[in-house]
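The primary structure of each chain is shown beneath.
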Amino acid sequence: MKMIRLIAGSVLMACMAVLFTGCRPHEERVMDRLDRLSEKIQKNGEKWGVNEWADALEELEDIHYDMEDCEFSSEQLRALGRVEGKLTVIIMTEGAKKLGNELIPFLEGAGAFMKGYKEGTESMEDYGLDELEKYGNHLNQELERINEELDLDGNKDD
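Because the structure is a prediction, the values reported are computed rather than measured. (Residues numbered from 1 in each chain as written. Predicted model: local features only at pLDDT ≥ 70, side-chain atom pairs only at ≥ 80, totals over all residues. Heavy atoms only, no water.)

### So, helix H3 (residues 50-67)
Taking 1.5 Å of rise per residue, 18 residues should cover 26 Å, and H3 covers 26 Å from first to last C-alpha, within 8% of that figure. Three or more residues of H3 are buried, namely Trp53, Ala56, Leu60, Ile63 and Met67. Looking down the long axis of H3, one finds its buried residues gathered within 80 degrees of arc, a one-sided arrangement. Seen from the buried face of H3, the exposed residues on the opposite side, beyond 90 degrees, are Val50, Asn51, Asp55, Glu58, Glu61 and Tyr65. (Helix = DSSP H or I, 4+ residues; strand = E, 2+ residues; numbered from the N terminus. Expected span 1.5 Å × (residues − 1). Buried < 20%, exposed > 50% of the residue type's maximum accessible area, 1.4 Å probe, protein only. Arc of directions from axis to C-beta.)

### Some details on a negative patch on the surface
On the surface, a cluster of negative charge is contributed by Glu52, Asp55, Glu58, Glu61 and Asp62. By relative accessible area, which is 58% here, Glu61 ends up exposed. (Patch = residues over 30% accessible without salt bridge, like charges linked within 9 Å, V, L, I, M, F, W, Y side chains within 5 Å. Areas by Shrake-Rupley, 256 points an atom, 1.4 Å probe, with all protein chains shown as cover. Salt bridge = Lys/Arg side-chain N within 4 Å of Asp/Glu carboxyl O. Lys, Arg positive; Asp, Glu negative; His and termini not counted. Charge placed at Lys NZ, Arg CZ, Asp CG, Glu CD.)

### Quick look at the nonpolar core
One recurring pattern in soluble globular proteins: nonpolar side chains tend to sit buried together. Ranked by internal contacts, the top residues of the largest apolar core, which has 17 residues, are Leu34, Ile41, Met67 and Phe72. Mapped by element, the contributors of at least two residues to this core are helix H2 (26-44), H3 and helix H4 (74-122). (Core = buried A, V, L, I, M, F, W, Y, C linked by side-chain atoms within 4.5 Å.)

### Looking at the pattern of salt bridges
As enumerated under the stated definition, the model contains three salt bridges in all. Between Glu142 and Arg145 there is a salt bridge whose closest N-O contact spans 2.9 Å. On the criterion of helical spacing, the pair formed by Glu142 and Arg145 is a turn pair, its members being three residues apart in helix H5 (residues 130-150). According to the relative accessible area criterion, Glu142 is partly exposed, its value standing at 30%.

### Details of the packing of aromatic side chains
This structure, assessed with the given rule, holds one aromatic pair. Their ring planes at 75 degrees and their centres at 5.1 Å tell us that Trp48 and Trp53 sit as a pair that is edge-to-face. Here Trp48 matches Trp53 in class, with each residue buried. (Phe/Tyr/Trp six-rings, centres within 6.5 Å; stacked < 30°, edge-to-face > 60°.)

### Observations concerning the side chain of Gln76
Structurally, Gln76 can be placed in helix H4. Not counting residues within four places of it along the chain, the set of residues in contact with Gln76 comprises Glu27, Glu28, Met31 and Glu71. (Contact = heavy atoms within 4.5 Å.)

### Here's the deal with the confidence of the model for the protein
With 70% of its residues at a pLDDT of at least 70, the protein reaches an overall mean of 74. Within the protein, helix H1 (residues 2-22) has the poorest average pLDDT of any element, 48, and H2 the best, 89. Note on residues 14-23: pLDDT is under 50 here. Beyond four places in sequence and across chains, it has two contacts. (pLDDT = per-residue confidence, 0-100.)

### Quick look at the environment of Ile90
Locating Ile90 in the fold gives a position in helix H4. For the pair formed by Ile90 and Ile41, sequence separation is 49 residues and the distance between their alpha carbons is 7.9 Å. In contact with Ile90, other than residues within four places in its own chain, are Ile41, Gln42, Trp53 and Gly95.

Following this line, the structure appears as structure tokens:
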């Protein structure tokens, strides 16, 4: 008889645990998911590659989709705003770093091409292609501006 009571008590406790966690308002569960994702991104985001970021952004999109069914209180909305604000800054900062790191080799290659292009147009003066030279000079100026903006000449902040 004691064994039956013990088993029944254990089953009852398990059912209550499931019941109470399942009865939490949808809004709280959504907020918890967003908080966990935010912590995960803050902790690991700098080390992530493209695939990890894609997974995190997909999870964030799912959370946003689930938010559509919620009726948040003013307090909850304020808390959500804080978390979303932090996420936006982290995502944009890390995204800019990743994009910049991917673009640098491309821009360096483009720079070499543009310098060669300018040299090529300068050698064509005899053909009366002044407009082409002006265009090449314009492209060279744009390249120099990009170099200055991205500081491609070696003053990288790592």
